[in-house]
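The chain contents come next:
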Amino acid sequence: MFIRKRFLSWLLLPLLALSCLIAQAEPQGMARALHLLGYLGADYPATVAGGQVIDSSEYEEQLEFQGVLQELVAALPERSGKDKLMQGVAELGENIRQRREGTLVAVQARQLAAALAETYQVSLVPRVTPDPARAAPLYAQYCSACHGAEGAGDGPAGAGLQPPPSNLRDAARMDRLSLHDQFNTITLGVEGTGMTGYAAQLDERQRWDLASYVASFSAASGATGPSFSLAQLVGLTPEQVAAEQGAEAVAAFRAQRAQPPFPQRSAQQLIDSARDTLNQSLAEYRVGHRQEAYDLSVTAYLEGFELVEDALNNLDPEQRKATERVLLSYRQGLQDSLPLEAMEQRLEAAQDELVESAALLAGGGMSGSLTFLSSLLILLREGLEAILVLAAIIAYLRNTGQQQALRSVHVGWGLALLAGIATWALAAYVIDVSGAQRELLEGSTALFASVVLLWVGVWMHDRRHVASWQDYIQNSLVGGGGRLGFAVLAFFAIYRELFEVILFYQTLWLQAGPAGHGMVLAGAGCGLALLVALAWVILRGSRRLPLSLFFGINAALLCLLSVVFAGHGVAALQEAGVLDLHPVAFFELEWLGIHADSLTLTAQALVVAVIAVLYGRSWLAGRRRTAA
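Keep in mind that this is a model prediction, so the values were computed, not measured.

Visitor: Can you help me understand the overall build of the protein chain in this one?
Guide: Of regular secondary structure, the protein chain possesses 26 helices and 2 strands. For the protein chain, with 628 residues in total, the buried portion stands at 50%. Nonlocal contacts in the protein chain, meaning residues at least 24 apart in sequence, comprise 75% of its contacts between residues at least 6 apart. Accessible surface, the protein chain as shown: approximately 27900 Å² in total, 59% of it carbon and sulfur.

Now the structure itself:
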C-alpha cells in the first residue's frame, strides 16, 4: 500500500504542537504540496552523489515533482509569506537541477514544509488520538489484498505490480517514514504505482487509525523507554529518534506510535476537549462531512465526558444524566441529518450542560457524608447483580449436593477477581484504555453474560420438579460441561462488574483527597458487609424452601438478570458508537437496563420472548409427564 520511496522523516515539532489545535479548512493542494516536499527531501539524496546523477529515472522524477510543487504553491491563496515560499521552492528546484548535495536539498525541503504549514496554519496532528484497533478491519478490507495479511507485501492482488507493494514489515524502510507521511500516502496515494488514495472511502480519523495500524508491523509491543507526545509520534521518524536518543528510545517510539497513548488530562481539560470536539463536529457538519461530524461527536463523549462521568456522578447523578442525554441527543441529530439550525440548538444545549458539569467538578471538595455515601453506593450499585447471580448458583448447587460443580463456581469467581485486578493494572500502568474500549468491554461482557444467564436460568427451570432433578442426577449430573457453564457464569458475573468497580473507586479516591480516604474505606466496608449479608440471607432462606419452589425462584431471578444485562450491553455498545441510537418515547429504569431506545428495548423483548418460548416448552413437557 505504500510506495518504496523514502519520505520526509522529520517535521518541526513546535509547528506540530501549534497546529494540532487548529480546525481551519486546509487550502486545496496543501496536503499534496507537503507530500511532495516530503518525497523530495527523503528521496533526492539517493539520486545524486558528488554532483553526479546515480539513478537517472529517479532524478528525472525529482525534477518533475519539483515542477508540480511549484504549481501547487503558486495556486495557494495569497498570504503574508507566500512570496518567500515561492522563492524557496524556486531555489529548491535550482539546487536539484544543479545536482547539489543531498543533505542540502533535504534540509531545504524540511524547512520549506515547516514554513508552508506555518504560513497557512494547517493541522498536521490528528484531532483524535489514533486507535489502531479500529483499523484492523479497514486494513483487511482495503490493504491486505496487495500487502498481505501480515504486511509483508505478498498479497495475491499485488503479484505482477510494478513497483511491487511495499513490505510494511521492513523496519529499515519504515524507520524513514513518519506517521504523517503514512497518513498522507493513505490519503493521496502515489502516482505511477498501484497505490491509490483513500480519501473518498475513509474519513480522516480512519486514515489516521490505519496509519498507526501500519506502523505496528515494524514495532515490538511492550517496549519501554521515554514517553513521546502525539506531536512527536506523528512528526518524527524512528530513524531520527535513534540518532538523537539511542536504541532504547527508538524501540519505545515505534511501540508508542503503533499504539499512541491517550493523554492524561484533568477533569477540566477533558470537559474542554469534549466542547472543542463538539465544535469541530458541527464545523464538519456545516460543510457536508456528516460521517466525520458523527465520529467527532462520539469522540467528544467517549474521550471527554465519559472519562469524568464517574467523578460527576459522585457529586450530582442528575447532572450526569442530563449531560449524557444532551450529548446523545446531539449525536442522534447528526445520525438523523437534522437541519443545521436544529443541530446548532442541540450543540448549544450540550455546551450548556458541559459548562455546568465543569463548574461542579471545579468545585472539587466532597463532604465526608457524601464521600461515604458515594463509596457505599458504588459497591451496592455495581455488586448487587453479581452477588445475586453468585448466591443463586451457590444456593442451588449446595441444596442439591453438587459439591464438584460448587468448586467450579468458586474457581470461576476467584479467577474473575484475578482477571479484574490484572485488567485494571494493565490499564493503569501498561496500556491505555480509552472510553470507547471501556464501553466495548462492558457491552460485550454484559451481552455474553446475558446469554449464559438465560441458558442457566432455563436449565434450572426445566429441573424444578423433583422427578426431573432425580432423572438428571441418575443420567449424569452436573458433569464437565455443566460445571464449566456454572464456572463461566460465575466468572463473567464478577468480572463484568469488578473492572468498573475498581475504576470507580480509583476516581473517588482521588476526588476525596487524603482527608476523605477514611470515609471511602468506611463506605466500601459497609457496602461489602451489606452484600455479604444479602448473600447469607439468600443461602440461609433457600434451605427452607421446597425444592420445586426454590428452583423456580432461582430460574426466574437469573432470567430477569438476563433481560437486565441485555439492556445494559446494548446501551454500552451504543455509547461506544458501535450501534446507532434509536430513541423512542418510553420510561427509563437504569437499574433494570431499561432505556428509552428501541434497540435496547428490542434486545430485551427478544430475551423475554426466548424465555417465554423455552418456559412454554418446559410447561408442555411437564403436562406430558403428568399425563404419562
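There's more to say after this.
Visitor: Please explain the packing of aromatic side chains as it appears in this structure.
Guide: Any two aromatic rings considered together are summarised by their centre-to-centre distance and by the angle between their planes. The full count for this structure, using the stated rule, is 9 aromatic pairs. Aromatic pair Tyr139 and Tyr213: ring centres 5.4 Å apart, planes at 45°, arrangement tilted. Highlighted residues: Tyr139 in helix α6 (residues 132-142) and Tyr213 in helix α10 (residues 204-215), separated in sequence by 74 residues. Among the residues examined, Tyr139 registers a relative accessible area of 1% and is labelled buried. Measuring from ring centre to ring centre gives 4.1 Å for Phe183 and Trp208, while their planes differ by 5°; the resulting arrangement is stacked. Here Phe183 is found in helix α9 (residues 179-188), whereas its partner Trp208 is found in helix α10, with 25 residues between them in sequence. Relative accessible area serves as the criterion here: at 9%, Phe183 is assigned to the buried category. On the accessibility criterion, Trp208 (3% relative accessible area) is buried. The side chain of Arg331 reaches across the aromatic face of Tyr301, ending 5.6 Å from its centre.

Visitor: Is there a simple way to think about the pattern of salt bridges in this case?
Guide: Pairs may arise between side chains of opposite charge once their charged atoms sit close together. All told, the structure shown has 8 salt bridges when counted by the stated rule. Here Glu94 and Arg97 are joined by a salt bridge, their closest N and O atoms 3.7 Å apart. In this pair, Glu94 and Arg97 both sit in helix α4 (residues 82-97), 3 residues apart, roughly one turn of the helix. For Glu94, a relative accessible area of 36% puts it in the partly exposed group. Where Glu324 meets Arg320, a salt bridge forms, and the shortest distance between an N and an O atom there is 3.7 Å. In this pair, Glu324 and Arg320 are both assigned in helix α17 (residues 317-335), 4 residues apart and thus about one turn of the helix distant. For Arg320, a relative accessible area of 10% gives the class buried.

Visitor: I keep staring at the confidence of the model for the protein chain and nothing clicks. Help me out?
Guide: When pLDDT is low, close inspection of the predicted coordinates is not appropriate. Scored by pLDDT, the protein chain has a mean of 79; 84% of the residues are at 70 or more. Throughout residues 1-25 the model reports pLDDT below 50, and contacts reaching past four residues in sequence, or to other chains, amount to 91 contacts. Counting interchain partners and residues more than four positions distant, the pLDDT-below-50 stretch residues 469-478 has 17 contacts.

Visitor: Would you mind going over the environment of Leu498 with me for this structure?
Guide: Residue position: Leu498 is located in helix α23 (residues 480-512). For Leu498, a relative accessible area of 16% corresponds to the buried category. Sequence separation between Leu498 and Thr423 is 75 residues; the distance between their C-alpha atoms is 9.6 Å. Aside from chain neighbours lying at most four places away, what touches Leu498 is Ala416, Leu417, Gly420 and Ile421.

Visitor: For this particular structure, what's the right way to read the packing of helix α14 (residues 267-286) against helix α15 (residues 290-302)?
Guide: Each pair of packed helices can be described by the angle between their axes along with the distance between the axes. The contact between α14 and α15 brings their axes to 8 Å, and the two run at 170°. Relative to α15, the element α14 lies roughly antiparallel. Every residue of α15 that contacts α14 at Ala274, Thr277, Leu278, Gln280, Ser281, Glu284 and Tyr285 is listed here: Arg290, Glu292, Ala293, Leu296, Ser297, Thr299 and Ala300. Broken down by class, the residue content of the contact of α14 with α15 amounts to 6 nonpolar, 5 polar and 3 charged.

Visitor: Explain the nonpolar core to me, please; I cannot follow it from the model alone.
Guide: The nonpolar side chains of a soluble globular protein tend to be buried, and buried together. With 30 residues, the main nonpolar core has Val389, Ile393, Leu397, Val409, Leu453, Phe486 and Leu489 as its most contacted residues. Secondary structure elements with two or more residues in this core: α19 (368-399), α20 (403-430), α21 (435-462), α23 and α25 (547-575). Broken down by element, this core gets its largest block of residues, 10 residues, from α19. Dropping the residues within four chain positions of it, Leu453 is found in contact with Val389, Leu489, Leu558, Leu561, Ser562 and Phe565. Ranked by size, the runner-up nonpolar core spans 29 residues in total, among them Leu34, Leu85, Val105 and Leu116.

Visitor: Just to check I follow, could you spell out the packing of α4 against helix α5 (residues 102-120) for this structure?
Guide: Look at α4 against α5: their axes get within 10 Å of each other, and the N-to-C directions meet at 160°. As judged from the angle between their axes, α4 and α5 are roughly antiparallel. For the crossing formed where α4 meets α5, the hand is left-handed. Contacts from Lys82, Leu85, Gly88, Val89, Glu91, Leu92, Asn95 and Ile96 of α4 reach α5 at Leu104, Val105, Gln108, Ala109, Leu112, Ala115, Leu116, Thr119 and Tyr120. A breakdown of the residues in the contact of α4 with α5 according to their chemical character gives 11 nonpolar, 4 polar and 2 charged.

Visitor: What is the right way to look at a nonpolar patch on the surface in this model?
Guide: Side chains of Val411, Leu415 and Leu418 sit close together on the surface and give an oily, nonpolar patch of about 290 Å² of accessible area. Counting through the fold element by element, Leu418 comes out in helix α20. Here Leu418 falls in the exposed class, since its relative accessible area comes to 59%.

Visitor: Help me understand α10, please; the structure alone is not making it clear to me.
Guide: Three- or four-residue spacings in an α-helix give side chains the same orientation, since the helix completes a turn every 3.6 residues. With 12 residues, α10 extends 17 Å between its outermost C-alpha atoms, agreeing within 8% with the 16 Å of an ideal straight helix rising 1.5 Å per residue. Each element contacted by the buried residues of α10 is listed here: α6, α8 (171-174), α9, α11 (230-235), α13 (247-258) and α15. At the N-terminal boundary of α10, the capping side chain belongs to Asp203, with an oxygen 3.1 Å from the backbone nitrogen of Arg205.

Visitor: Sorry if this is basic, but what is going on with α5 here?
Guide: Helix length check: α5, at 19 residues, gives a terminal C-alpha distance of 27 Å against a target of 27 Å (1.5 Å per residue), a fit within 8%. When we look at burial in α5, the residues that qualify are Gly102, Val105, Ala106, Gln108, Ala109, Leu112, Ala113, Ala114, Leu116, Ala117 and Tyr120. With its phi angle positive at about 50°, Gln121 sits one or two positions after the end of α5.

Visitor: Can you help me understand the side chain of Ser297 in this one?
Guide: Secondary-structure assignment places Ser297 in helix α15. Residue class for Ser297 comes out buried when judged on its relative accessible area of 5%. At a separation of 2.6 Å, a polar atom in the side chain of Ser297 contacts the main-chain carbonyl oxygen of Tyr294. Excluding its chain neighbours within four sequence positions, the residues that come into contact with Ser297 are Leu278, Ser281, Tyr330, Arg331 and Leu334.

Visitor: Explanation requested: the environment of Arg97 in the structure shown.
Guide: Of the residues examined, Arg97 reaches a relative accessible area of 41% and is grouped as partly exposed. The spacing of Arg97 and Gln62 is 35 residues in sequence and 9.4 Å in space, taken between C-alpha atoms. When near neighbours in sequence (up to four residues on either side) are disregarded, Arg97 contacts Tyr59, Leu63, Gln66 and Ala90.

Conventions used here
Residues numbered from 1 in each chain as written. Predicted model: local features only at pLDDT ≥ 70, side-chain atom pairs only at ≥ 80, totals over all residues. Heavy atoms only, no water. Helix = DSSP H or I, 4+ residues; strand = E, 2+ residues; numbered from the N terminus. Buried < 20%, exposed > 50% of the residue type's maximum accessible area, 1.4 Å probe, protein only. Contact = heavy atoms within 4.5 Å. Areas by Shrake-Rupley, 256 points an atom, 1.4 Å probe, with all protein chains shown as cover. Phe/Tyr/Trp six-rings, centres within 6.5 Å; stacked < 30°, edge-to-face > 60°. Lys NZ or Arg CZ within 6 Å of the ring centre and 35° of its normal. Salt bridge = Lys/Arg side-chain N within 4 Å of Asp/Glu carboxyl O. pLDDT = per-residue confidence, 0-100. Axes fitted to C-alpha atoms, helices over the stretch in contact; angles between N-to-C directions. Parallel < 35°, antiparallel > 145°, perpendicular 65-115°, else oblique. Nonpolar A, V, L, I, M, F, W, Y, C, P; charged D, E, K, R; others polar. Core = buried A, V, L, I, M, F, W, Y, C linked by side-chain atoms within 4.5 Å. Left-handed = near helix turned anticlockwise from the far one by under 90°. Patch = residues over 30% accessible without salt bridge, like charges linked within 9 Å, V, L, I, M, F, W, Y side chains within 5 Å. Expected span 1.5 Å × (residues − 1). Polar contact = N/O pair within 3.5 Å; in protein donor to acceptor, adjacent residues only side chain to side chain.

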